[in-house]
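Reading the structure
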Amino acid sequence: SAPTTSVAPTTAETPPVVTAPTSPDRDDLGALVDQLIVETGLPAVGVTAFTGDHIIETAVAGVRRSGDPTPVELDDRFSIGSNAKAMTSTLVATFVDDGLISWDTTVADVYNLPLPGMDPSWAAVTVRQLLNHTSGLHDEAMIPMLTKLDTAAPVVEQRLAVVDTLTANALAQPPGQFVYSSVGYTLVGAMLEELTGSPWEDLVQTRLFDVIGMESCGFYAPGTPGQVDEPWGHYDERGGAAIDPGDPDADFPQVIAPAGMVHCNMADWVRFLQSQLRGLRGSANEIVSSEAFDALRATPGGSDYALGWVAQRDPNGATTFYNHGSNHRFTAEVWLVPGEDWGLITVTNIGETIADPLLAAVDQAMFKRRNSR
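For the structure given in this document, a descriptive report is provided here. (Residues numbered from 1 in each chain as written. Predicted model: local features only at pLDDT ≥ 70, side-chain atom pairs only at ≥ 80, totals over all residues. Heavy atoms only, no water.)

Here we look at the overall build of the chain
Operational definition: Every helix listed is a DSSP run of H or I at least four residues long, and every strand listed is a run of E at least two residues long, numbered separately from the N terminus. Atoms counted for the radius of gyration: C-alpha only. Globule rule: 2.2 Å times residue count to the power 0.38. Any residue under 20% of the maximum accessible area for its type is buried, any over 50% is exposed, and the rest in between are partly exposed; the area is computed with a 1.4 Å probe on protein chains only.
Counting secondary structure elements, the chain contains 12 helices and 12 strands. For the chain, whose C-alpha radius of gyration is 20 Å, the value lies close to the compact-globule estimate of 21 Å for 373 residues. Dimensions of the chain, computed from the C-alpha atoms along their principal axes, are close to 65 × 45 × 35 Å. Taking all 373 residues of the chain together, 55% fall into the buried category.

And the structure:
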């Protein structure tokens with residue numbers, strides 16, 4: 001079926017479009033996103049450009065599920081994968097501001113070493129190291145662990161079982177070297193649960209989503225099982241087949257939610273990102289303190305990964321904070337350019353193997369668009 005586009009009115013003068021899959025005379029974002037669907041075969045895609053206080057332009061195109069004509073809409077929810085790591089890091093920052101925990105709190109501090117069976121190599125592992133991937137953990141440890149969890153147990157008990165299993169074994173390597181590890185964020189979520197007595201899901205809901213006004217946020221795959229009321233994820237293999245949100249394979253197991261199992265619409269994700277953008281620019285009136293934002297942006301020596309963000313240069317040479325997330329059914333990425341008060345998100349409902357080169361082209365086009373007027 002022909003792609004259907006929904007475009008929100010702009011709140012500021014918008015520059016002309018210069019995107020990869022377009023002709024020079026097409027300067028409407030919605031039309032260009034439509035064209036992207038036609039030329040790439042993506043089921044759906046959404047793009048939003050914003051500043052710290054308003055959305056510049058936003059558009060979506062495509063369908064919620066391949067083989068079904070239901071068009072995607074602007075307020076539809078997409079899974080954002082590991083982009084949720086910035087949310088978990090910000091959640092931790094709220095507790096640092098409140099004095100419940102510090103960036104240098106260790107696993108042993110929280111679980112009162114010696115936890116039964118805790119290997120001594122864990123004694124000095126800190127929250128900061130878990131969040132910037134320098135703790136010595138490897139994600140390879142997660143796969144065999146998940147097969148042994150009692151998924152019928154409350155998720156807090158499952159995360160505690162992850163802690164018990166992880167800490168019973170020596171770290172794969174001494175802390176200090178960057179090795180990307182989602183299991184580290186799972187462990188931080190469990191530590192917050194131990195300190196507060198509340199599930200990570202409740203904590204991020206009440207201390208982040210409710211405060212910022214992110215009403216569309218939820219966990220696991222978006223949508224009602226068996227219904228096409230939200231975008232369905234599509235595999236980045238198996239021919240890009242759609243997967244029902246009620247299928248157990250529609251997302252990762254919930255135990256690792258602190259590492260990347262949030263879904264939301266673009267507008268609500270932007271609300272969070274605008275707060276981050278303002279905070280990174282020096283605002284002292286955000287959800288966490290200026291000191292917390294200093295910690296969130298800091299990278300350890302030899303790494304460009306901060307706390308939920310990759311610090312790097314954008315195509316124009318400006319310092320940016322970037323992240324990418326995918327559960328192999330949805331893909332989403334974000335750029336924040338604090339020095340220019342500008343940000344960009346792109347989302348799609350298909351896995352990263354297929355989506356990544358296409359979203360990269362969209363990103364490059366949007367950076368050109370920003371500078372073309």
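Structure shown, so let's carry the discussion forward.
Section: the packing of aromatic side chains
Rules: Here a pair means two rings of Phe, Tyr or Trp (six-membered ring of Trp) with centres within 6.5 Å. Their orientation is stacked below 30 degrees between planes, edge-to-face above 60, and tilted elsewhere. Here, a charge over a ring means that NZ of Lys or CZ of Arg falls within 6 Å of the ring centre while also lying within 35 degrees of the ring normal.
Counted under the stated rule, the structure contains eight aromatic pairs. An angle of 80° between the planes, with centres 6.2 Å apart, marks the rings of Tyr180 and Tyr305 as edge-to-face. Of the two residues, Tyr180 is situated in the loop between α6 (155–167) and α7 (182–196) and Tyr305 in the loop between α11 (290–297) and β9 (310–313); the sequence distance between them amounts to 125 residues. Three or more aromatic residues joined by ring pairs make a cluster, and in this case those are Tyr322, Trp335, Trp342 and Phe367. The ring of Phe95 has Arg207 sitting right over it, with the charged end atom 3.8 Å from the ring centre. When the ring centre of Trp342 is taken as origin, the NZ or CZ atom of Arg370, which lies over that ring, is 4.3 Å away.

Observations regarding empty space enclosed by the protein
Gaps left between atoms are located by rolling a probe of water-molecule size over the structure's atoms. To keep things clear, this is the line we draw: Put plainly, a pocket is an open set of points on a 1 Å grid over the protein atoms alone with protein on both sides within 12 Å along at least five of seven lines, a cavity is a set where a 1.4 Å probe fits but cannot get out, and a lining residue has an atom within 4 Å of a point. Grid points are joined across faces, edges and corners, and a volume is the space filled by probe spheres set on the points. Under this grouping Gly is polar, as are all residues other than the nonpolar Ala, Val, Leu, Ile, Met, Phe, Trp, Tyr, Cys and Pro and the charged Asp, Glu, Lys and Arg.
Per the counting criterion, the structure on display carries two cavities of 30 Å³ or more. Reported here for the second largest cavity is a volume of approximately 30 Å³. In terms of lining, the second largest cavity is formed by Ala221, Pro222, Pro231, Trp232, Gly233, Ile243, Pro245, Ala250 and Phe330. Per-class residue counts for the lining of the second largest cavity are eight nonpolar, one polar and no charged.

Quick word on unusual backbone geometry
Located in the positive-phi region is His133, a residue other than glycine, with phi close to 65°. With respect to the helices, strands and loops of the structure, His133 is situated in the loop between α4 (127–131) and α5 (142–146). Despite not being glycine, His328 has its phi angle at roughly 70°, a positive value. Positionally, His328 belongs in the loop between β10 (319–326) and β11 (331–337). Relative accessible area serves as the criterion here: at 28%, His328 is assigned to the partly exposed category.

So yeah, pure geometry; function would need other evidence.
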